[in-house]
Amino acid sequence: MAQDPIILIIRTLGEMYAFIVVLRFLLQVSHADYYNPISQAIAKLTNVPIIAIGRIIPRIGKIDPSALLYAVAVKMAVVSLLVLVSGLAMPNILQLSMYSVVGVIDAILNIYFWAVLASVVISWIAPGSYHPGPQLIQQLTEPVFSLARKVIPPIGGLDLSPILIFIVIQILQSQLGRLLY
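Residues numbered from 1 in each chain as written. Predicted model: local features only at pLDDT ≥ 70, side-chain atom pairs only at ≥ 80, totals over all residues. Heavy atoms only, no water.

(A) Quick peek at the packing of helix α4 (residues 93-125) against helix α6 (residues 161-179). Where α4 meets α6, the axes come as close as 10 Å, and the angle between the chain directions of the two elements is 160 degrees. If you check the angle between α4 and α6, you find them roughly antiparallel. Remark: the crossing between α4 and α6 carries left-handed chirality. Of α6, the residues touching α4 (which contributes Met-98, Val-102, Ile-105, Asp-106, Leu-109, Asn-110, Tyr-112, Phe-113, Val-116, Leu-117 and Val-120) are Pro-162, Ile-165, Phe-166, Ile-169, Gln-170, Leu-172, Gln-173, Leu-176 and Leu-179. (Axes fitted to C-alpha atoms, helices over the stretch in contact; angles between N-to-C directions. Helix = DSSP H or I, 4+ residues; strand = E, 2+ residues; numbered from the N terminus. Parallel < 35°, antiparallel > 145°, perpendicular 65-115°, else oblique. Left-handed = near helix turned anticlockwise from the far one by under 90°. Contact = heavy atoms within 4.5 Å.)

What follows is the structure, encoded as structure tokens:
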């Protein structure tokens, strides 16, 4: 019982940092504005290890997989630390890496779920906002919206692509749990 606050702190800080690293990868993939102050803060928080990994792992086209690999490594470290602190038996490396990969995929889906929701709300409340936050959210979600609009084009000025995105995210998240068992 005395270890519960320690586990909470490790999980919270570890998951927050993993979230930031995954967000950096998604911002790179979506070609979001690097000079946005929020992008700059994310880059500063993650530059040192990602640049080091980037020297070993080459780019794949325009995508830099070093941030994604670092996110998996952070998830592995958090899970390992949680297992050590809680006194449970350490899982083997295959289980640990599988759990970490699924955790990163789940983080990506969660980021897109909340970003799409925020983008919809922003389009109602403050369309065309010049604030760095809404701009970054719009830049992050626009590639996903354009893919969804190819499947469901706007009908009479009503964009139904967020509904399709939410359905796909929910289906993918429901299947993620099956990968662990």
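(B) Local environment of the environment of Ser-30. Note on placement: Ser-30 falls in the loop between α1 (4-29) and α2 (37-56). Between the C-alpha atom of Ser-30 and that of Ser-146, which follows or precedes it by 116 residues, the distance is 12 Å. Residues contacting Ser-30, with those up to four places away along its chain left out, are Gln-139, Leu-140 and Pro-143.

(C) Quick look at α2. For α2, spanning 20 residues, the distance from its first C-alpha to its last is 28 Å, which sits close to the expected 28 Å at 1.5 Å a residue. Those residues of α2 that sit buried are Ser-39, Ile-42, Ala-43, Thr-46 and Ile-50. At its buried positions, α2 is contacted by α1, α3 (66-86) and α5 (132-151). Where α2 begins, the capping side chain belongs to Asn-36, and its oxygen is found 2.9 Å from the backbone nitrogen of Ile-38. (Expected span 1.5 Å × (residues − 1). Buried < 20%, exposed > 50% of the residue type's maximum accessible area, 1.4 Å probe, protein only. Polar contact = N/O pair within 3.5 Å; in protein donor to acceptor, adjacent residues only side chain to side chain.)

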